[in-house]
Amino acid sequence: MSNSGARILVIDDEPPIRKLLRMGLGSQGYAITEAGNARFALEALEAERPDLILLDLGLPDISGHDLLARWRDEGLDLPVVVLSSRTDEAGIVRALELGADDYVTKPFGMNELAARIRVALRHRLQQQGERPVFATGGLSVDLVKRIVRVDGREVKLSPKEYDILRLLVQHAGKVLTHHFLLEQVWDSTTDVQYLRVYVRQLRQKIEQTPDQPRYITTETGVGYRLAEADPIEPASSGA
C-alpha cells in the first residue's frame with residue numbers, strides 16, 4: 001500500500017526544519033501543512049484533519065508533551081511521530097508513554113524519517129486486521145498456535161520470552177519503552193534489568209548473531225524495536 005498523498009501536519013518552531021520537511025516529504029508525495037507553534041497547530045488540526053502529525057517537543061508556547069497529552073485525552077487517534085534532541089532520552093520516553101507512535105532525533109536523515117512515517121501510518125491501518133502469522137526475514141511467529149520459527153526451525157521460548165516477543169510483534173516497527181514492556185509482561189514497573197535479561201535470552205534463541213541483532217534492536221535509553229513485517233505478496237491471478 002502506498003502512503004503517497006497522505007496529509008502530514010508539521011509542527012516545529014524552526015523555519016529551516018519546516019522547509020527541509022516540506023521539501024523532503026513533499027518530494028515523496030505527502031501533502032504538508034505547517035505550524036510554527038501550538039496555537040497555529042490546533043487551528044491547522046481543526047481545519048486540515050491530517051493523516052499524521054510530525055511534532056517537535058520544544059515548542060515556544062505549549063510543550064509538545066502537553067499537546068500530545070491533550071490530544072490523547074480528547075481521544076484523537078491520529079499517529080504522531082515526535083522530533084526530539086538526540087540527548088533527550090527522558091523526553092522521548094515520556095512522549096511515547098503519552099501516546100506518540102514513534103520518534104526521530106535531530107539531526108535526522110530524511111530516509112529514516114520517511115520510514116518511521118510509513119510504519120506509523122501502516123500500523124494504524126492494520127490494528128483492526130492483525131495478521132495471525134507474522135514474518136520478518138527468517139523469523140515467523142504464529143500468534144494463534146504460539147509457534148515461533150527461525151529459518152523454518154521451531155524455537156522453544158519460555159512464557160515470558162514469548163510474551164515479550166508477542167508484544168513486539170503486535171507493534172512491529174515501533175519502539176516499545178522499557179516501562180510499557182515491564183507493565184504489560186510483569187504487570188508492574190519492576191527493575192528493568194529483568195527485561196534486559198529476558199531480551200538477551202530471547203536474542204540468543206532467535207538471532208543469528210545476538211550481539212548484532214537483526215530482529216530485536218535496542219533504542220538506547222528508551223526500549224526495544226522489532227523489525228517491521230515483510231510485505232504481503234499480492235496473490236497471483238494465474239494465466
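One structure accompanies this document, and this report is about it. Here the structure is a predicted model, which is why all the values come from computation and not from measurement.

### Section: helix α2 (residues 38-48)
Inference 1: Within the sequence span of α2, burial applies to Ala38, Ala41, Ala44 and Leu45. The arc that holds every buried residue of α2, seen down its axis, measures 115°, which confines them to one face. Opposite the buried face of α2, by more than 90 degrees, sit the exposed residues Glu46 and Ala47.
Inference 2: Measuring from the backbone nitrogen of Arg39 back to the side-chain oxygen at the start of α2 gives 3.2 Å, which picks out Asn37 as the cap.
Inference 3: One or two positions beyond α2, positive phi appears at Arg49, with a value near 50°.

### Observations concerning the nonpolar core
Within soluble globular proteins, side chains that are nonpolar tend to cluster in buried spots.
Inference 1: Counting 28 residues, the largest nonpolar core has Leu139, Val141, Val148, Ile164, Leu195, Ile216 and Leu226 as the members making the most contacts within it.
Inference 2: For this core, the secondary structure elements donating two or more residues are β7 (139-142), β8 (147-150), α6 (159-170), α7 (178-186), α8 (192-206) and β12 (223-226).
Inference 3: With six residues, α6 is the single largest residue contributor to this core.
Inference 4: Residues Ala41, Leu68, Val80 and Ala100 belong to the second largest nonpolar core, which totals 26 residues.

### Re the pattern of salt bridges
Inference 1: Under the definition given, this model contains 19 salt bridges.
Inference 2: The shortest N-O distance in the salt bridge between Arg7 and Asp51 comes to 3.7 Å. Residue Arg7 is located in strand β1 (residues 7-11), and its partner Asp51 is located in the loop between α2 and β3 (52-56); the two are separated by 44 residues in the primary sequence.
Inference 3: On the accessibility criterion, Arg7 (36% relative accessible area) is partly exposed.
Inference 4: The closest approach of N and O atoms between Glu14 and Lys106, which form a salt bridge, is 3.4 Å. Linking Glu14 in the loop between β1 and α1 (15-26) with Lys106 in strand β5 (residues 102-106), this pair joins segments that are 92 residues apart in sequence.
Inference 5: The class for Lys106 is buried, based on a relative accessible area of 18%.

### Observations concerning the packing of aromatic side chains
Inference 1: According to the stated counting rule, one finds one aromatic pair in the structure shown.
Inference 2: Above the plane of the ring of Phe40 lies Arg39, whose end atom (NZ or CZ) is 4.4 Å from the centre.

### A few points about unusual backbone geometry
Inference 1: Residue Pro107 is bonded to the preceding Lys106 through a cis peptide linkage, with omega at -5°.
Inference 2: Phi at Asp151 is positive, roughly 55°, even though this residue is not glycine.
Inference 3: Structurally, Asp151 is set in the loop between β8 and β9 (153-155).
Inference 4: Taking relative accessible area as the criterion, Asp151 reaches 65% and is therefore assigned exposed.

Definitions and limits used
- Residues numbered from 1 in each chain as written.
- Predicted model: local features only at pLDDT ≥ 70, side-chain atom pairs only at ≥ 80, totals over all residues.
- Heavy atoms only, no water.
- Buried < 20%, exposed > 50% of the residue type's maximum accessible area, 1.4 Å probe, protein only.
- Helix = DSSP H or I, 4+ residues; strand = E, 2+ residues; numbered from the N terminus.
- Arc of directions from axis to C-beta.
- Polar contact = N/O pair within 3.5 Å; in protein donor to acceptor, adjacent residues only side chain to side chain.
- Core = buried A, V, L, I, M, F, W, Y, C linked by side-chain atoms within 4.5 Å.
- Salt bridge = Lys/Arg side-chain N within 4 Å of Asp/Glu carboxyl O.
- Phe/Tyr/Trp six-rings, centres within 6.5 Å; stacked < 30°, edge-to-face > 60°.
- Lys NZ or Arg CZ within 6 Å of the ring centre and 35° of its normal.

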